[in-house]
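Here is what each chain is made of, one letter per residue.
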Amino acid sequence: MTLPNYQIALLTLIIPLVISCGGGGGSSSIEIPAVTPSFNVSASAGANGSISSTTVTVTQGQTTTFTVTPDAGYTVASITGCNGTLSETTYTTGAISSDCSVTASFATFISTVFNTTAYELPYPNDLLSDLCEESVPIFTSILSPIDTNLDSHNDLIVHYWCGAGEFGVYIDTPVPDAVVAFKNNGDETFTIANSEVFGQETLSFGAASRKVVEADFNGDGYLDILYALNKEDGRAQAGEAGGASNEAPQSILLSNGDGTYALADLGYSEWVHAVDAVQLPSGNFDAVISGFRSPDVRGFRYEGQAFQSVTDYSSPGGPTNRFGASTLKFLPEYTIGSGSTLAISDSGDCGIQVNLSSFSKASGEWLFSDKTDFNCRTVQNAYESYTGEVDDLPLVTIDGQDYTGGGFGNDESCALELSPGDRPVAVVKYSAQPIEGNYVEGVVYKQEELTSENKINIFEVSDSDLALKTGVIEGHDVDTRFTFSACRDINNDGYDDLVLLQNAGSGGESTNTRNKPIVYLNDKENHLVKMDLEGIPEVPVGDNNFDYLIHGFLADMNGDSIEDLIYYRASRSYIDSNGTLDPDMTNLIRIYWGVKNLQP
Ligand SMILES: [Ca+2]
Ligand SMILES: [Ca+2]
Ligand SMILES: [Ca+2]
Ligand SMILES: [Ca+2]
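Please read all numbers here as calculations on a predicted model, not as lab measurements. (Residues numbered from 1 in each chain as written. Chains lettered and ligands numbered in written order. Predicted model: local features only at pLDDT ≥ 70, side-chain atom pairs only at ≥ 80, totals over all residues.)

Counting 123 residues, the largest nonpolar core has Ala287, Ala426, Val427, Phe459, Val499 and Ile566 as the members making the most contacts within it. Looking at this core, the element that brings in the most residues is strand E29 (residues 425-434), giving six residues. The next biggest cluster of nonpolar side chains, apart from the first, holds 14 residues, and it includes Val68, Ile79, Cys82 and Ala104. (Core = buried A, V, L, I, M, F, W, Y, C linked by C-beta atoms within 7 Å. Buried ≥ 20, exposed ≤ 12 C-beta atoms within 10 Å, placed from the backbone. Helix = DSSP H or I, 4+ residues; strand = E, 2+ residues; numbered from the N terminus.)

This part covers the sheet that holds strand E9 (residues 119-120). Taking strand neighbours across the sheet as the criterion, the five strands line up as E9-E41-E40-E39-E36 in an open arrangement whose pairing is mixed. Two strands in the sheet have a free side with no partner beyond their single neighbour: E9 and strand E36 (514-515). In this structure, strand E39 (residues 550-555) lies alongside strand E40 (residues 564-569), joined through six bridges in antiparallel fashion. Bridge pairing links Ala555 to Asp564 in E40. (Pairing = 2+ DSSP bridges.)

Strand pairing in a sheet takes place through backbone hydrogen bonds and is either antiparallel or parallel in direction. The four strands lie next to each other as E22-E23-E24-E25, forming an open sheet whose pairing is antiparallel. The open sheet has two edge strands, strand E22 (328-330) and strand E25 (367-371), and neither has a second partner. Direction aside, the axes of adjacent strands within the sheet are offset by 25 degrees on average. Across five bridges, the pairing between strand E23 (residues 342-346) and strand E24 (residues 356-360) is antiparallel. Considered in E24, the bridge of Ser345 is made with Ser357. (Axes fitted to C-alpha atoms, helices over the stretch in contact; angles between N-to-C directions.)

Once that is clear, we can look at the environment of Ala262. Position of Ala262 among the secondary structure elements: in strand E17 (residues 261-270). Using a count of 16 C-beta atoms within 10 Å as the deciding quantity, one classes Ala262 as partly exposed. Sequence separation between Ala262 and Leu203 is 59 residues, and the spatial gap between their C-alpha atoms is 8.5 Å. Setting aside residues no more than four positions away along its own chain, Ala262 makes contact with Phe198, Leu254 and Asn256. (Contact = placed C-beta atoms within 7 Å.)

Looking now at unusual backbone geometry. If you check the backbone angles, Asp399 has positive phi at about 50 degrees while not being a glycine. Position of Asp399 relative to the elements: it lies in the loop between strand E27 (390-398) and strand E28 (401-416). Judged by C-beta crowding, with 7 C-beta atoms within 10 Å, Asp399 ranks as exposed.

Set out below in structure tokens:
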């Protein structure tokens, strides 16, 4: 600190006076008023925001405050000068001892939600390098954030599997696959920890995976993972036994109660897309598996140190006397201690799986209660598939619009509360092909000339009714391909939100895709409103190690209650129409740590 000359003069004047006063209370000393200097503190704001004043005068040793006000959609990117600190929108300077200036700049809110540099998980080369045959794609299909050792840091369990060696050829061998445990070290790094978590280096299902649900099935306080397993790796069906070659042994990744995990074989082989965890009044969960091959739906209950098959889910009545195998969702319990008492599933009674059924356990057992009626019908010989074959045209009408599309329909679902404490609603993805201007008799519609729509329908479910609830989803793009990623509160405001995992194309995709998650925030007024995520980090195109099929989702991986952004490469994919594979086998998993919660 350099004192101005006049201040030094004052000090020399005052000090002798003080000494003389201390000598005995003489009354003749002259009082000289203390003159404390003041300084100019100037402030400036960059574009997209303002600061409360441009210049203030501050007495030496004092502080001053400025209010910074970002424009709508912006946030303070940086504010510096005069040794100050920012709290909310108030910038308080340090003690002022000279002229100084404060400078504020602003950035779009979304560009400051995540760190701009990422942590990349180690690549499990030892476990994956020899897994697939040469020239075969490897898929990173299911990433499960789960705290395996209850240290409050999410670990990550990842399932990798190989595509078929030759597409469309019948084989009956297991799918080469690998489960890999990434242990969270608690310092924002991860270590490959198969030996520690599984007690062995390699762990596999012999299957591909489709969906997943986490619940504590054996009641030991550690979450377990139930996978929907199958052999849908591109192999052909076996002639008459259509679908048998897609059956895979079903098992659960089950905790041992000490931070380690092992596969619990359920002794059941099926072709599965739909699994769920069903809460019982006891608080325990049944593992429910609804496959395409078996006439009934299996429940597995952990009793006496092992899973027992239960028949609670096998014949609920309704259009096909079973829960559907494409979408299946048991709603969380509404009354504490009642267990789950409501469920929805595709009805299975319509060619394009568009109808939805609801089920209730109010009577004590699971029974069909209601069904949508979208006027499902079939027009003979009016649908030409992409192979040129002419077949029947399945047809439904929703809100006055005709839809068709073989093999589409309801195929994903989740449940959430639009307001805290409300009865949960079912959120269902519905894919179909709209017929512009609606069906005209005599016309043969070509599959490849019809566009596909992917909608999100919300249903209110009660013991006796199932009702489409419109006007909830705002800003949805029906051209986007997606699966559900999260149906929970992702920004800590107490209201459930919806996050979609945006899919890239399937096999043969030749364009680099960089898919951000799709986020719908709850506006607290019964709407789920799509956020503009322009400006969040992305995996750069042209980063050749990681080209193709990048998907993003949200999870809190470091335990600070702020969602982190995770990107992964879904497959080592084909790079041209000749079926040439990307020569780089590395599948990245990359985390951008969250800095603050998303806001509408
Ligand atoms: Ca952990
Ligand atoms: Ca468990
Ligand atoms: Ca929320
Ligand atoms: Ca976090």
